[in-house]
Amino acid sequence: MLTFFNRSHSESVTVDYCDFPEDALQESVECLTSSGFKFYCFHPSVANWMQVDASSVEKIRNRIRHARKNGLFLFEINCGSHSGYWFRFQSFSGFTFMDKWDSFKGNIAVVSQKDAAAFLGKPGEAVTEEEVLKRLKMEAEIIEKAINGDLFEVCGPESDDFGRYGWFLDEEEAVKFVLEEYPDFKYKDEDFRTIYELKTA
């Protein structure tokens, strides 16, 4: 945790890990689903993250065939756990449903070209898979940090009713917010002189 004080050392603003990273996860997933993305997940943990019921192998294979037949964008959700979770969206090139020791297999994301264009802020335009993946990379980073509990938040001073702000992807981003939002709170403990007084009997 980082603490920043005002000049009088009477109030402070803190930067710490987010207390409720699941809220950021939900917000990110809802952003995708409201933009037309559909998720079909064989692995129960991934299904839970993406807020859907786990799908059978047959259903996922059917959705893959449907996406290819109808010209939809089809992405693999590449994720697993090894010294923490990782989470990526990547181009679909076929996969196995058998989990490796550290990876969760059998999870896909599908979106129409029309919805993908709107998601990128280019309604009615033709967009490429590479453009969609570039934007998905941002959401994947949020999801990954949320499921690992690695997001940060800012807690304001008492004079701001201890308002909470965030989430932030890293500590540096949160500190930048503090210095911009609370310019008077730029001092750390080491900036203050410690005065020791002799105790009297």
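Note: the structure precedes this text.
How each quantity is defined
Residues numbered from 1 in each chain as written. Predicted model: local features only at pLDDT ≥ 70, side-chain atom pairs only at ≥ 80, totals over all residues. Heavy atoms only, no water. Pairing = 2+ DSSP bridges. Helix = DSSP H or I, 4+ residues; strand = E, 2+ residues; numbered from the N terminus. Axes fitted to C-alpha atoms, helices over the stretch in contact; angles between N-to-C directions. Salt bridge = Lys/Arg side-chain N within 4 Å of Asp/Glu carboxyl O. Buried < 20%, exposed > 50% of the residue type's maximum accessible area, 1.4 Å probe, protein only. Phe/Tyr/Trp six-rings, centres within 6.5 Å; stacked < 30°, edge-to-face > 60°.

Caption draft 1: Up close: the sheet that holds strand β9 (residues 164-168). As summarised here, the arrangement of the 4 strands in space is β1-β2-β8-β9, forming an open sheet in which the pairing is antiparallel. Looking at the sheet topology across the chains shown, the edges are occupied by β1 (2-5) and β9. For this sheet, the mean inter-axis angle between neighbouring strands, taken without regard to orientation, is 15°. Both strand β8 (residues 152-155) and β9 contribute to a ladder of 4 bridges, which runs antiparallel. Following the sheet pairing, E153 is matched in β9 by G166.

Caption draft 2: The pattern of salt bridges, seen in detail. Under the defined criterion, the tally for this structure stands at 5 salt bridges. Of the charged contacts in the structure, one is a salt bridge between R88 and E144, with a shortest N-O distance of 2.2 Å. Note that R88 is positioned in strand β5 (residues 85-91) and E144 in helix α5 (residues 129-148), a separation of 56 residues in sequence. With a relative accessible area of 19%, E144 lands in the buried category. Beyond isolated ion pairs, a larger network of salt bridges with shared partners links D19, E153 and R164.

Caption draft 3: Main features of unusual backbone geometry. That bond from G166 to W167 is cis: its omega, 15°, falls within 30 degrees of zero. Structurally, W167 can be placed in strand β9. Not every positive phi belongs to a glycine, and Q51 is a case in point at roughly 60°.

Caption draft 4: Looking closely at the packing of aromatic side chains. All told, the structure shown has 14 aromatic pairs when counted by the stated rule. Taken together, a centroid distance of 6.4 Å and an interplanar angle of 65° make the contact between W49 and F87 edge-to-face. One end of the pair, W49, is in helix α2 (residues 44-49); the other, F87, is in strand β5, with 38 residues separating them in the sequence. An identical accessibility class is assigned to W49 and F87; each is buried. Look at F73 and F75: their rings are 6.2 Å apart centre to centre, the planes differ by 20°, and that puts the pair in the stacked class.

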